[in-house]
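Results of the structural survey
Below are the chains, spelled out letter by letter.
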Amino acid sequence: MILIVDDDVAVRTSLGLLLKQAGYATQAVATPEDALRVVQEAAPELVLMDMNYSLDTSGQDGLHLLAQVKRATPQVPVILITGWGSITLAVEGMKAGAAEFVTKPWNNDSLLQTIRTVISLAETTAAHADDDVNPTRRQLDKQYHFQSIVGQDAQLLHVLRNVGQVAATDASVLIEGESGTGKELIAEAVHQNSHRRNKPFVKVNLGGISASLFESEMFGHRRGAFTDAKTDRQGRFEMANGGTIFLDEIGELDLGSQVKLLRVLQDRTYEVLGDSRPRSLDIRVICATNRNLAEMVREGRFREDLFYRINLITVRLPALRERPDDVPLLVQHFVQNLRTTYNRPALKVGTRALHWLREQPLPGNIRELKNLVERAVLVSGKDELGPEDFQAQTQKVTVKAAEGELPAVGAMTLDEIEAQMIRKTVDFYAGNLSRVAKALGLSRGALYRRLEKFNIPYDAAQ
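Residues numbered from 1 in each chain as written. Predicted model: local features only at pLDDT ≥ 70, side-chain atom pairs only at ≥ 80, totals over all residues. Heavy atoms only, no water.

Under the annotation held in an unreviewed UniProt entry, the protein chain carries the name Sigma-54 dependent transcriptional regulator and is attributed to Hymenobacter koreensis.

**Notes on the sheet that holds strand β14 (residues 313-316)**
Read from one edge to the other, the open sheet built from 5 strands follows the order β7-β10-β13-β6-β14, with strand pairing classed as parallel. Every other strand in the sheet has two partners, leaving β7 (201-205) and β14 as the edge strands with one partner each. In this sheet, adjacent strand axes meet at a mean angle of 20° when their direction is disregarded. Across 4 bridges, strand β6 (residues 173-176) lies against strand β13 (residues 284-289) in parallel orientation. Across the sheet, residue Val173 finds its bridge partner in β13, namely Ile286. With respect to the sheet, helix α7 (residues 154-167) is in contact with β6, β13 and β14, its orientation differing from that of β14 by roughly 155°. (Pairing = 2+ DSSP bridges. Helix = DSSP H or I, 4+ residues; strand = E, 2+ residues; numbered from the N terminus. Axes fitted to C-alpha atoms, helices over the stretch in contact; angles between N-to-C directions. Contact = heavy atoms within 4.5 Å.)

**Some words on the UniProt feature "modified residue: 4-aspartylphosphate" (unreviewed entry) in the protein chain**
As annotated by UniProt and renumbered to match this structure, "modified residue: 4-aspartylphosphate" (unreviewed entry) occupies Asp50. Note on placement: Asp50 falls in strand β3 (residues 46-50). If we ignore the near neighbours within four places in the chain, the residues touching Asp50 are Val5, Asp6, Asp7, Gly62, Ile81 and Lys104. (UniProt positions renumbered as here; feature names shortened; annotations may be inferred.)

**A few points about unusual backbone geometry**
Between Lys104 and Pro105 the backbone carries a cis peptide bond, its omega angle lying at -10°. You can see Pro105 is positioned in the loop between β5 (100-104) and α5 (108-127). The phi dihedral of Asn343 falls on the positive side, at around 55°, and the residue is not glycine. Positionally, Asn343 belongs in the loop between α14 (327-341) and β15 (348-349). Its relative accessible area of 66% is what places Asn343 among the exposed residues. (Buried < 20%, exposed > 50% of the residue type's maximum accessible area, 1.4 Å probe, protein only.)

**What to know about the confidence of the model for the protein chain**
Chain-level statistics for the protein chain give a pLDDT mean of 89 and a share of 93% at 70 or above. By mean pLDDT, helix α17 (residues 387-398) is the weakest element of the protein chain at 78, and β6 is the strongest at 98. The model gives residues 399-403 a pLDDT under 50, and that stretch makes 6 contacts with residues more than four places away or in other chains. (pLDDT = per-residue confidence, 0-100.)

Here is the structure:
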């Protein structure tokens, strides 16, 4: 049974009819007192509640009722109903334990999808509450499709178990982790283990989309919508409709674009540029970032309402240095692929080399390890690689190229070249970031993001 709590009889009636048509049993009450009585008598499957029940529209009575419901039945999910202008209040409710929030006037299809997702997630959590907390890799591979993910570290297995559990729902997922930890593979795993697996999986690198092109890239445009719109363009949301959209580097999105994205995720509708007809969306949203979004929210650089909209489920990927026992497994996996790629069936890595690689810090994580293995294979030319083959490649990375020369092909990745150039420019201008940004052809904001990405120390005041 779904409990509807709202002091407006019209809202109670319309929600009751909508949910009845969708096959849900409902009970509707008008006051917080009646709601608490019903919850205490028999726990509902879900509570759908308004935030205001008096002339005082601060929403405090709704927050108080939410706290009472969560104390009485902590396992029952609560969805808040609020006006668009009260999003801040809804965010307070999310912090207090609400599962989701919807805004008035709501979109019926979007509301029903939200209800299905929240109920499904609650059922999944309850069903797995007594599961083995330390599943083996073999157990997980029997239940889920994780063939593209290598490793058996306990932290990774915990992540995979959570991924398998939430994949069956439509819950939004936020994947956090350092660069190179495999966030895209986890996003693909969520999709492959979901009921949307046979529908599109569309990847979008938000860090590579400028604010001026955001709407055109994401929503599409009609010919003539703006000066350079020579033909119609299909947007990423339209490409992903029915499936999953993966929004990578969401921490790089400017505040203006964040508002536009929030509207779409909230209402599940969008408009193509040059066409005012609203279009409905049926998608699963997965986001990823190597930034600390909670800290960005506190600093005013990321919208708090968007943060709570995208992180119904948060998955944190461990850095490779936190799972060193997986390094040999990853190396063997890369070598196996390289045997085929370069037609070298006898290729292998010696035991001493595996031990040496396991002890390396590898700040670029799996991506750095993969590049290191491939460089060693290409440069050494030997069938069995020893520690010295990998040491030679790591030493080359730290050696600066001669003035006016580029490093040899395979000696450095683009990220390593970029990091070296930024460090060199910072030193040249004695830390004056305005001059550094100008010399590199970057905005100051883009420079800050790269300084953080490559862990380059700087003085923000300069």
